[in-house]
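# Analysis of the macromolecular model
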Amino acid sequence: MDFSLTPFQKTLLKEFRAWLNSRRGMSRLKRLWGSPDPGERWEGHRLWHRRLFEGGWLGLHWPPEYGGRGASLIEEFLVVEELARRGLSPGVNEIAIAMIGPLMLRHGTQRQKAAHLKKILAAEQIWCQGFSEPQAGSDLAALSTRAQENAGSFLINGQKVWTSFAHRADRCLLLARTDFSASRQEAGLSLFIVDMRASGISVRPIAQIDGEAEFCEVTLDSVSVSKEQLLGHMNGGWPLALEASGYERLSVQTLYPIFRGLPELGNLLRSMAWNGKPLSKNPIFRQEFAQLAIEARALRCTALRVLAEPASGLLNPESSLVRLFSKELEGRISAFAIEVLAAVGERNSPRGGVDWFKRFLTSRGATIARGTSQIHRNLIARLLLELPA
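These notes cover the structure that comes with them.

Reading the values: the criteria
- Throughout this document, residue positions are counted from 1 along each chain, in the order its sequence is written.
- Only residues with pLDDT of at least 70 are given local features in this predicted model, and only at 80 or more are side-chain atom pairs given and counted; all residues enter the totals for whole chains, interfaces and linings.
- Side-chain measures were taken over the full set of non-hydrogen atoms in the model, leaving aside hydrogen atoms and water.
- Per the convention used, a helix needs a DSSP run of H or I reaching at least four residues, while a strand needs a run of E reaching at least two, with both numbered from the N terminus.
- Expected span, for any helix, means 1.5 Å times one less than how many residues it has.
- Accessibility here uses a 1.4 Å probe with only protein chains present; expressed as a share of the type maximum, an area under 20% marks a residue as buried, one over 50% as exposed, and anything in between as partly exposed.
- By the convention used here, residues are in contact when the closest approach between their heavy atoms is within 4.5 Å.
- Think of a polar contact as two N or O atoms within 3.5 Å of one another; within protein, one of them needs to be a possible hydrogen donor and the other a possible acceptor, and neighboring residues in sequence only count if both atoms come from side chains.
- Axis definition: a line fitted to C-alpha atoms, over the contacting stretch in the case of helices. Angles run 0 to 180 degrees between N-to-C directions.
- Roughly parallel means an angle under 35 degrees; roughly antiparallel, over 145; roughly perpendicular, 65 to 115; everything else is oblique.
- A crossing counts as left-handed when the near helix is turned anticlockwise from the far one by less than a right angle, and as right-handed when that turn is clockwise.
- Put simply, Ala, Val, Leu, Ile, Met, Phe, Trp, Tyr, Cys and Pro go in the nonpolar bin, Asp, Glu, Lys and Arg in the charged bin, and everything else, Gly too, in the polar bin.
- Every case where a carboxyl oxygen of Asp or Glu lies within 4 Å of a side-chain nitrogen of Lys or Arg is listed as a salt bridge.
- Grouping buried Ala, Val, Leu, Ile, Met, Phe, Trp, Tyr and Cys residues that are joined through side-chain atoms within 4.5 Å yields what is termed a nonpolar core.
- Cavity means a closed set of points on a 1 Å grid over the protein atoms alone, one where a 1.4 Å probe fits but cannot get out, pocket means an open set with protein on both sides within 12 Å along at least 5 of 7 lines, and lining means a residue has an atom within 4 Å of a point.
- Grid points are joined across faces, edges and corners, and a volume is the space filled by probe spheres set on the points.
- Stacked, tilted and edge-to-face are the three classes applied to pairs of Phe, Tyr and Trp rings, where Trp contributes its six-membered ring and a pair requires centres within 6.5 Å; stacked means planes under 30 degrees apart, edge-to-face means over 60, and tilted covers the rest.
- Charges are assigned to positions over rings by a cutoff of 6 Å between ring centre and Lys NZ or Arg CZ, combined with an angular limit of 35 degrees from the ring normal.

## What about helix H4 (residues 73–85)?
The terminal C-alpha atoms of H4 lie 18 Å apart, and with 13 residues this matches the ideal 18 Å at 1.5 Å per residue to within 8%. Within H4, twelve of the 13 residues are buried, which leaves the element mostly enclosed by the surrounding structure. Against helix H1 (7–21), helix H3 (38–55), helix H8 (256–271) and helix H9 (283–307) lie the buried residues of H4. Backbone nitrogen of Ile74 and a side-chain oxygen of the N-cap are separated by 3.2 Å at the start of H4; the cap is Ser72.

In structure tokens:
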């Protein structure tokens, strides 16, 4: 593959960099992003998201009629990479923009598209994904949330867990069982668009090891959902859920922590001294950093190659390569940063930038979310290497 930029991509990046350089009021936004208050941080990211949307720098791969540019995921990749290099937020609503929007573009009704797509891109509607349950995570088809027909609607009862940003969400893409006698578990599932403000929904944020509460437990008690909010066909939710997972694995924002983390790690090495010399001059630390940089470069090339394939965004098994390697590399980068800080007796970076201690605490969870590392290894073994099940 030729990794050089096309003339269109060079022009796009030049335009984006000029747009970024002309922004005003960034100091206030950066203060909000660094606030200890989660609500203020969220508001800062959402304000910046709105600026990116108004500038036409979000969802570049979406059709123009819904706010995008009709570009490709590679152009989206380049924009996120530039944001990370500058330490700027990629915005909010990643789940909706990377996964739910593309799914709705392919399978939603015209009314659903008109009601939601532009609002998703503008972050006027924040979405969450209601898939995992207490007894159905990796074995998602075993879920027990039930949607029973009731005249012109469905009554939904059940529980979802590890639902990211459910406490901030306006809508949820929810997977529920609609055929209770199907011979195969996955045959009786349907996808619904659920209003998170509907009667019968309760949301409980779950405290995490880093002190945040981005994951939630969602309980649905006789929640009424109109049949018009069925996405796709009744009992046809499983293929759509698999397609959504393919989009999710190819979300370019999942690479943001590496694009941002590696340059910040280099800055950390240059700013920390040991025996009177910067750690960047220490051969042991230099070698470890070089290895991480090589792995990050290899990941970038692999991601671009996968994004360039015609099957990108559908059930592309090579997306598991990107997902697996990126999340495990993210963990190795944060673990090395902790080693750097420990070498000079620091708990965290004293000069701002990445909060390495928090990044380290959350890095293990990144290998579980959106499919565990074990699940992705199984997909790679079966679908790419064609090993026996």
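Here the narrative resumes, following the displayed structure.
## As for the packing of helix H5 (residues 94–107) against helix H7 (residues 237–249)
Close contact between H5 and H7 brings their axes to 8 Å; oriented N to C, the two are set at 135°. Viewed along their axes, H5 and H7 adopt a mutual orientation that is oblique. Of the two possible hands of crossing, H5 and H7 adopt the one that is right-handed. Within the contact between the two elements, H5 uses Ala98, Met99, Pro102, Leu103, Arg106 and His107 and H7 uses Leu240, Glu243, Ala244, Tyr247 and Glu248. Along the lines of polarity and charge, the residues of the contact of H5 with H7 split into seven nonpolar, one polar and three charged.

## Let's talk about the pattern of salt bridges
Within this structure, the stated rule accounts for 22 salt bridges. Put simply, Arg111 and Glu228 hold a salt bridge, and the shortest N to O gap is 3.2 Å. Placement of Arg111 in helix H6 (residues 110–121) and of Glu228 in the loop between strand S7 (215–226) and strand S8 (230–231) is noted, with a sequence separation of 117 residues between them. Arg111 gets classed as exposed once you look at its relative accessible area, which sits at 58%.

## Some words on the nonpolar core
Counting 45 residues, the largest nonpolar core has Trp48 and Leu173 as its most contacted members. In terms of residues, this core owes the most to one element, H5, which gives seven residues. If sequence neighbours within four positions are ignored, Leu173 has contacts with Met99, Ile100, Leu103, Trp127, Cys128, Gln129, Gly130, Phe131, Leu191, Phe192 and Leu231. With 36 residues, the next largest nonpolar core counts Leu255, Tyr256, Leu292 and Ala303 among its residues.

## A look at the layout of surface pockets
In this structure, the second largest pocket occupies an estimated 350 Å³ of space. Listing elements by their share of the lining of the second largest pocket, those giving two or more residues are H4 and H5. In terms of residue count, H5 provides more of the lining of the second largest pocket than any other element does, six residues in total. By residue class, the composition of the lining of the second largest pocket is 13 nonpolar, six polar and three charged.

## A closer look at the packing of aromatic side chains
Counted under the stated rule, the structure contains eleven aromatic pairs. For the ring pair Trp42 and Phe165, a centre distance of 5.6 Å and an interplane angle of 35° mean the geometry is tilted. Of this pair, Trp42 sits in helix H3 while Phe165 sits in the loop between strand S3 (153–160) and strand S4 (171–177), placing them 123 residues apart in sequence. Assessed through its relative accessible area of 13%, Trp42 is described here as buried. Here Phe154 and Phe192 contribute two aromatic rings whose centre-to-centre distance is 4.9 Å and whose plane-to-plane angle is 65°, an arrangement assigned as edge-to-face. Of the two residues, Phe154 is situated in strand S3 and Phe192 in strand S5 (residues 189–195); the sequence distance between them amounts to 38 residues. The class for Phe154 is buried, based on a relative accessible area of 1%. Of the aromatic side chains, those joined through ring pairs into one cluster are Phe16, Trp19, Trp33, Trp48 and Trp57. Lying across the ring of Phe325, Arg332 places its NZ or CZ 5.5 Å from the centre.

## Quick look at the environment of Gly70
Mapped onto the secondary structure, Gly70 falls in the loop between H3 and H4. Those residues in contact with Gly70, other than ones at most four positions away along the chain, are Leu60, Trp62, Pro63 and Pro64.

## Side note on the side chain of Glu248
Turning to its location among the elements, Glu248 is positioned in helix H7. By relative accessible area, Glu248 is classed as buried at 9%. Setting aside anything within four residues of it in sequence, one finds Glu248 in contact with Met99, Gln129, Thr254 and Arg370.

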